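# Inside the fold
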Amino acid sequence: MTKPSNDAPTWYLAAVSMFKNEAQHLDEWLGFCVSEGIEHVLLYDNRSTDNFRAVLAPWIAAGIVELFDWPTPYDSGAQTMAHKDALIRLRGRARWAAFIDIDEFLFSPTGQSLPEMMRDYEDHAGVIANWQCYGTSGHELRPTGLTIENYTRRAKTEWVRNRRIKTIVDPYLAVEPQGPHMFKVQPGQSLVTENMIPVRTVRAAKWHGQLRHLAASSPYFPIDPYSIHEPSTKQVSTAKFRINHYVTRSHEDLRVKYKDRNTMLDRDRRSYSRYHDRNEVEDDVLASKAVRVREIIARVRGSEADEALVA
């Protein structure tokens, strides 16, 4: 595929996410994305039954969100197929596309916007960003306020699960998704870490999955029992790009988060939840952004013009 050299894309940085029953979190997540420099978002609804359409209506009217019905069953590769569809839709329209979930908040700890940071990576097919996984922060019930204010305790930085990544990729140079985390890119191209180290997808050892129930009681065992594919690098580096992954939120949220995942037995859901409820490190790095996020939400919900969003 030949990348055009003279047509400027509509957006420098877009984002893509598939979701199900996330209405209560969409405003904050979208407001945060915009605060970090993401200009456009492709959202794929995977059989939601909540009031997501009402929540998204002003974001769609503002030209920020494109919404697609995506009823493919989750366990039939729905997310991978949605990402493949998004690549096609964004070619020629976005210079970069970040593929992240609604519980993942992508930002640069440097304080610069994501587009400013991505200028340094334009000679590459894309850059990966590591997780920092957050637990319940002791909340049994869902608190009022924003996720970035309420959940301030996370796992240790080098926890094996934080080796997991998501990708910001050039839609023209990405051939196809390799699961929800990484992409196959064109020959001669490569994804890189934030430190410019080339990275590829490798398959985890088959026996890793046999450790899942052990991992729930021994989460710092140095093997990720939930990885099928993982990045070739074992380093967790979050100086330039970082994803705060709010895996659990409150215990109340946890009880409903995976109830529709027919890929998990009840026993597996309990183990998965215990494994990810990590609260060892106090880290409120995003709490100071709450005011800005609220301002963006108020502007979008009070206006149908996207100019109000970036003023």
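Residues numbered from 1 in each chain as written. Predicted model: local features only at pLDDT ≥ 70, side-chain atom pairs only at ≥ 80, totals over all residues. Heavy atoms only, no water.

### Quick word on the nonpolar core
In this structure, W29, W59, I148, I168 and F241 are the most contacted members of the largest nonpolar core, which totals 59 residues. Judged by nonpolar contacts, the second largest core, of 27 residues, contains A78, I165, L173 and V185. (Core = buried A, V, L, I, M, F, W, Y, C linked by side-chain atoms within 4.5 Å. Buried < 20%, exposed > 50% of the residue type's maximum accessible area, 1.4 Å probe, protein only.)

### Digging into the confidence of the model for the protein
The share of residues in the protein with pLDDT of 70 or more is 91%, and the mean pLDDT across the chain is 91. Ranking the helices and strands of the protein by mean pLDDT puts strand β5 (residues 104-107) first, with 99, and helix α10 (residues 307-310) last, with 40. Within the model, the stretch residues 304-311 combines pLDDT values under 50 with 15 contacts to residues more than four positions away or in other chains. (pLDDT = per-residue confidence, 0-100. Helix = DSSP H or I, 4+ residues; strand = E, 2+ residues; numbered from the N terminus. Contact = heavy atoms within 4.5 Å.)

### Notes on unusual backbone geometry
Positive phi, close to 55°, is recorded for N21, a residue that is not glycine. For N21, the location among the structural elements is in the loop between β1 (11-19) and α1 (23-35). Of note, the phi angle at S137 is positive, near 55°, even though the residue is not glycine.

### Brief notes about helix α9 (residues 290-301)
Over its twelve residues, α9 runs 16 Å from end to end, which matches the ideal 16 Å to within 8%, given 1.5 Å per residue. Those residues of α9 lying buried are A290, V293, I296, I297 and V300. Down the axis of α9, the sector holding all buried residues measures 125°, keeping them to one side. Of the exposed residues in α9, the ones pointing more than 90 degrees away from its buried face are V291 and A298. (Expected span 1.5 Å × (residues − 1). Arc of directions from axis to C-beta.)

### Quick word on the pattern of salt bridges
Pairs can form between side chains of opposite charge whenever their charged atoms are close. Evaluation of the coordinates by the stated rule reveals 19 salt bridges. One salt bridge in this structure joins E36 and K289, with 3.2 Å as the shortest N-O distance. Taken together, the residues E36 in the loop between α1 and β2 (40-45) and K289 in the loop between β16 (281-282) and α9 connect sequence positions 253 residues apart. According to the relative accessible area criterion, E36 is buried, its value standing at 4%. Judged by relative accessible area, K289 falls into the partly exposed class, the value being 23%. Residues R95 and D170 are paired through a salt bridge, measuring 3.1 Å at the closest nitrogen-oxygen approach. Here R95 is found in strand β4 (residues 94-99), whereas its partner D170 is found in the loop between β8 (165-169) and β9 (174-178), with 75 residues between them in sequence. Salt bridges linked by common partners bring D101, E104 and K166 together as one network. (Salt bridge = Lys/Arg side-chain N within 4 Å of Asp/Glu carboxyl O.)

### Quick word on the side chain of R161
Mapped onto the secondary structure, R161 falls in the loop between β7 (153-154) and β8. Within the local environment of R161, its side chain forms a polar contact with the side chain of H276, the two groups lying 3.0 Å apart. Here R161 is in contact with W131, C133, D224, Y226, S227, Y272, Y275 and H276, once residues within four sequence places are set aside. (Polar contact = N/O pair within 3.5 Å; in protein donor to acceptor, adjacent residues only side chain to side chain.)

### Things to note about the pairing of β4
Where a strand is regular, its side chains alternate between the two sheet faces. Burial runs high along β4: six of the six residues are buried. Relative to β4, β1 runs parallel, the two sharing five bridges. Of the residues in β4, the one forming a bridge with L13 is W96. Bridge analysis of β4 against β8 gives three bridges, and the strand direction is antiparallel. Its bridge partner lying in β8, F99 is registered against T167. (Pairing = 2+ DSSP bridges.)

### Description of the environment of N21
Residue classification places N21 among the partly exposed residues on the basis of a relative accessible area of 24%. Each C-alpha atom of the pair N21 and K257 lies 8.9 Å from the other, and the pair is 236 residues apart in sequence. Of the polar contacts made by the side chain of N21, one reaches the backbone nitrogen of D50; its length is 3.3 Å.

### Focus on the state of the cysteines
Counting across every chain of the model gives zero disulfides. The structure places no disulfide on C33, whose sulfur is separated from the nearest cysteine sulfur, that of C133, by 18 Å. Overall, C133 belongs to the buried group, its relative accessible area being 0%. (Disulfide = S-S within 2.5 Å.)

### Regarding the environment of F19
On the secondary structure map, F19 appears in strand β1. Between the C-alpha atom of F19 and that of A82, which follows or precedes it by 63 residues, the distance is 11 Å. When residues no more than four places from it in sequence are discounted, the contact partners of F19 are L26, L43, Y44, D45, N46, S48, F52, L56, L67 and I102.

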